[in-house]
Amino acid sequence: MTDHFDIAVVGAGMAGASLAAELGAHARVLLLEAEDRPGYHTTGRSAAFWDECYGGPDVVPLTVASGPYLREHGFLSARGGLYIGRDSDAAELDAFFERFAPAGIELRRLRRTEVAALIPGLRPEWTGGVSEPGSADIDVAGLHQHYLALAKRADVTLTVRARLVSAEREGGRWRLATERGEEFSAGVLANAAGAWADGVAALAGARPLGIAPMLRTVVQLRTDPAPPATLPLTLDIRGQFYFKPESGRLWLSPHDETPCEACDAAPEELAVAEAIDRFGRVVDWRIEAVERRWAGLRSFAPDRLPVYGFDPAREGLFWFAGQGGYGIQTAPAAARLAAQTILGMPRDAMTERLDAVLYAPDRFTA
Ligand SMILES: Cc1cc2nc3c(=O)[nH]c(=O)nc-3n(C[C@H](O)[C@H](O)[C@H](O)COP(=O)(O)OP(=O)(O)OC[C@H]3O[C@@H](n4cnc5c(N)ncnc54)[C@H](O)[C@@H]3O)c2cc1C
């Protein structure tokens with residue numbers, strides 16, 4: 001027997017869960033997840049920060065628009081961000097400041113003494129920085145559960161161990177089948193499959209957009225000294241590392257971006273070694289243990305902006321993909337905007353300032 005829905009969302013990571021929650025009050029929604037539980041892939045592996053500058057100027061509006069919702073629901077906690085550089089990076093730090101300050105983000109250009117006051121044991125060659133006081137930690141699991149709970153309350157049907165394997169368009173509807181043989185029909189197919197987004201589009205007979213998964217590694221270190229709880233999220237202005245404190249330990253990434261097939265991502269030894277080597281060039285701390293290491297796939301469209309919108313050539317296929325390294329911090333505004341687009345609803349206070357054209361998939365049509 002086939003169950004009928006208005007909209008089928010593929011993937012129950014942050015993207016699919018938030019979109020299903022936003023759609024649920026207005027339509028009959030199916031949420032299909034290939035794994036045993038939602039959030040197993042990239043969503044469960046993030047570094048959990050909300051940083052207004054992260055992702056570049058065209059991602060800023062999505063992050064900023066998401067801020068009030070995240071704050072109101074208690075998902076942000078104060079951390080502060082700090083981009084650091086050496087003497088040779090002074091022009092880069094200035095350019096960063098000039099690039100983002102006009103967007104209304106609170107930034108301060110810092111001298112060596114101010115940077116050293118924030119990072120104990122800082123090596124002498126790190127001579128400047130830009131601080132971003134509004135940068136925050138984000139409760140990723142809490143936000144994901146929040147959206148799953150909202151979806152449940154709105155009667156969204158979540159089906160796990162339900163990998164979509166076929167999608168045929170017939171008579172203005174999708175006929176969908178999962179690996180285990182369940183069948184569904186839906187008017188709209190929303191592709192929130194993260195690293196698998198191009199594959200899901202191909203299943204549905206659409207042209208893949210070139211959404212490329214990239215491996216990113218994080219290690220959890222026990223250090224002496226332990227990172228102070230007040231340590232800001234510290235990012236290299238040249239994009240070679242970032243680190244932040246987490247419950248008395250340090251989370252450190254070498255900012256790697258290795259092209260990869262969609263898969264259950266695992267950390268590479270080389271990336272772990274690079275992270276530790278780069279960290280040793282920043283501070284004089286002793287590394288006592290590598291307690292954990294993990295990796296996840298950040299998926300990017302060719303222009304590194306997310307893709308939200310109906311496919312220009314395949315009727316009824318909606319893209320909600322390419323969330324890159326900012327799919328958590330942009331989730332509220334992105335999901336609201338996408339739901340309004342699918343349902344043909346007017347913008348609201350959260351989305352009224354967003355330029356949907358920037359994220360529309362037809363930007364890739366020659
Ligand atoms: C190390 C790391 C650090 C990060 N740090 C941050 C950060 O600090 N802040 C931030 O905002 N972002 C961060 N990100 C990025 C963020 O995690 C992602 O943008 C976000 O999780 C993407 O969510 P998603 O739902 O698109 O993908 P996923 O969570 O991967 O979800 C996609 C889901 O689709 C399912 N799926 C795939 N194919 C099918 C199919 N055929 N049928 C059914 N289901 C299918 C998969 O099983 C998966 O569960 C980080 C990412 C990494 C890897």
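The structure presented is a predicted model; accordingly, all values stated were derived computationally and were not measured.

**Quick look at the side chain of Asp-89**
Here's step 1: Looking at the element boundaries, Asp-89 is found in the loop between strand E5 (81-86) and helix H3 (90-100).
Here's step 2: Other than its neighbours up to four places away in sequence, Asp-89 contacts Ile-237 and Arg-238.

**Overview of the site of the ligand**
Here's step 1: In the neighbourhood of the ligand, 38 residues make up the surrounding shell, with Glu-33, Thr-43, Phe-49, Gly-324 and Gln-329 lying closest.
Here's step 2: A distance of 2.9 Å separates a nitrogen atom of the ligand from a polar backbone atom of Ala-47.
Here's step 3: The backbone of Leu-164 places a nitrogen or oxygen atom 2.9 Å from a nitrogen atom of the ligand.
Here's step 4: Compared with its free state, where it exposes 1,000 Å², the ligand has 98% of that area covered by protein.
Here's step 5: Of all the elements in the fold, those that place two or more residues in the shell around the ligand are helix H1 (14-24), strand E13 (212-224) and strand E18 (286-300).

**Details of the packing of H1 against helix H8 (residues 331-343)**
The relative placement of two packed helices comes down to the angle between their axes together with the axis-to-axis distance.
Here's step 1: With their axes 8 Å apart at the nearest point, H1 and H8 run at an angle of 50° to one another. Regarding the angle of H1 to H8, the classification is oblique. For the crossing formed where H1 meets H8, the hand is right-handed. On H8, the residues that touch Met-14, Ser-18, Leu-19, Glu-22 and Leu-23 of H1 are Ala-331, Ala-335, Arg-336, Ala-338, Ala-339, Ile-342 and Leu-343.
Here's step 2: Among the residues forming the contact of H1 with H8, the class breakdown is nine nonpolar, one polar and two charged.

**Side note on the pattern of salt bridges**
Here's step 1: Applying the stated criterion across every chain yields a total of 27 salt bridges.
Here's step 2: Here Arg-109 ties to Asp-94 by a salt bridge, and the two come within 2.7 Å at their closest N and O atoms. Taken together, the residues span a long stretch of sequence, with Arg-109 in strand E6 (residues 108-111) and Asp-94 in helix H3 at a distance of 15 residues.
Here's step 3: Among the ionic contacts, a cluster of salt bridges with common partners joins Arg-216, Asp-256, Glu-257, Arg-298 and Arg-304.

**A word on the environment of Gly-210**
Here's step 1: Tracing the backbone through its elements, the reader meets Gly-210 in the loop between helix H6 (197-203) and E13.
Here's step 2: Assessed through its relative accessible area of 36%, Gly-210 is described here as partly exposed.
Here's step 3: Remark: the alpha-carbon pair of Gly-210 and Ala-301, spanning 91 residues in sequence, is separated by 5.9 Å.
Here's step 4: When near neighbours in sequence (up to four residues on either side) are disregarded, Gly-210 contacts Asp-198, Phe-300, Ala-301 and Pro-302.

**A look at the packing of H1 against helix H5 (residues 140-153)**
Here's step 1: Interhelical geometry of H1 versus H5 gives an angle of 40° and a closest axis separation of 7 Å. In this structure, H1 crosses over H5, and the sense of that crossing is left-handed. Residues Met-14, Ala-17, Ser-18, Ala-20 and Ala-21 of H1 form the contact with H5, whose own contacting residues are Val-140, Leu-143, His-144, Tyr-147, Leu-148, Leu-150 and Ala-151.
Here's step 2: When its residues are assigned to classes, the contact of H1 with H5 shows ten nonpolar, two polar and no charged.

**Considerations on the environment of Arg-249**
Here's step 1: Turning to its location among the elements, Arg-249 is positioned in strand E16 (residues 249-253).
Here's step 2: Given the relative accessible area of 28%, Arg-249 is considered partly exposed.
Here's step 3: Spatially, the C-alpha atoms of Arg-249 and Pro-225 are 9.9 Å apart, while their sequence positions differ by 24 residues.

**A closer look at the side chain of Thr-223**
Here's step 1: Tracing the chain through its elements places Thr-223 in strand E13.
Here's step 2: We classify Thr-223 as buried; its relative accessible area is 6%.
Here's step 3: In this structure the side chain of Thr-223 is engaged in a polar contact, spanning 2.7 Å, whose partner is the backbone oxygen of Pro-225.
Here's step 4: Discounting residues that sit within four places of it in the chain, Thr-223 has contacts with Phe-279, Trp-285, Arg-286, Ile-287 and Glu-288.

**Focus on the pairing of strand E10 (residues 164-170)**
Here's step 1: Where E10 meets strand E11 (residues 173-178), six bridges bridge the pair, whose relative direction is antiparallel. Its bridge partner being in E11, Ser-166 is matched across the sheet by Ala-177.
Here's step 2: The antiparallel hairpin formed by E10 and E11 contains two residues in its connecting segment, where Gly-171 sits at a positive phi of about 55°.

**Examining the sheet that holds strand E8 (residues 136-138)**
Here's step 1: Spatial strand order, E3-E8-E4: three strands in an open sheet with antiparallel pairing. Two strands close off the open sheet at either side, each with one partner strand: strand E3 (49-50) and strand E4 (76-78).
Here's step 2: Direction of pairing for E4 relative to E8: antiparallel, over a ladder of three bridges. Bridged to Ala-78 within E8 is Ala-136.

**Comments concerning the nonpolar core**
Here's step 1: Ile-7, Val-9, Leu-19, Leu-23, Ile-138, Leu-143 and Phe-320 are the most contacted members of the largest nonpolar core, which has 50 residues in total.
Here's step 2: At eight residues, the largest contribution of residues to this core is made by H8.
Here's step 3: With 26 residues, the next largest nonpolar core counts Val-10, Leu-32, Ala-197 and Ala-201 among its residues.

**Thoughts on the pairing of strand E1 (residues 3-10)**
Here's step 1: Pairing of E1 with strand E12 (residues 183-191) involves seven bridges; the strand directions are parallel. Looking across to E12, one finds that Phe-5 is bridged to Ala-186.
Here's step 2: Following the chain from E1 across H1 to the adjacent parallel strand E2 (residues 29-32), one finds a crossover that is right-handed.

The rules behind each value
- Residues numbered from 1 in each chain as written.
- Predicted model: local features only at pLDDT ≥ 70, side-chain atom pairs only at ≥ 80, totals over all residues.
- Heavy atoms only, no water.
- Helix = DSSP H or I, 4+ residues; strand = E, 2+ residues; numbered from the N terminus.
- Contact = heavy atoms within 4.5 Å.
- Near = heavy atom within 4 Å.
- Polar contact = N/O pair within 3.5 Å; in protein donor to acceptor, adjacent residues only side chain to side chain.
- Areas by Shrake-Rupley, 256 points an atom, 1.4 Å probe, with all protein chains shown as cover.
- Axes fitted to C-alpha atoms, helices over the stretch in contact; angles between N-to-C directions.
- Parallel < 35°, antiparallel > 145°, perpendicular 65-115°, else oblique.
- Left-handed = near helix turned anticlockwise from the far one by under 90°.
- Nonpolar A, V, L, I, M, F, W, Y, C, P; charged D, E, K, R; others polar.
- Salt bridge = Lys/Arg side-chain N within 4 Å of Asp/Glu carboxyl O.
- Buried < 20%, exposed > 50% of the residue type's maximum accessible area, 1.4 Å probe, protein only.
- Pairing = 2+ DSSP bridges.
- Core = buried A, V, L, I, M, F, W, Y, C linked by side-chain atoms within 4.5 Å.
- Right-handed = clockwise from strand over helix to strand, strands pointing away.

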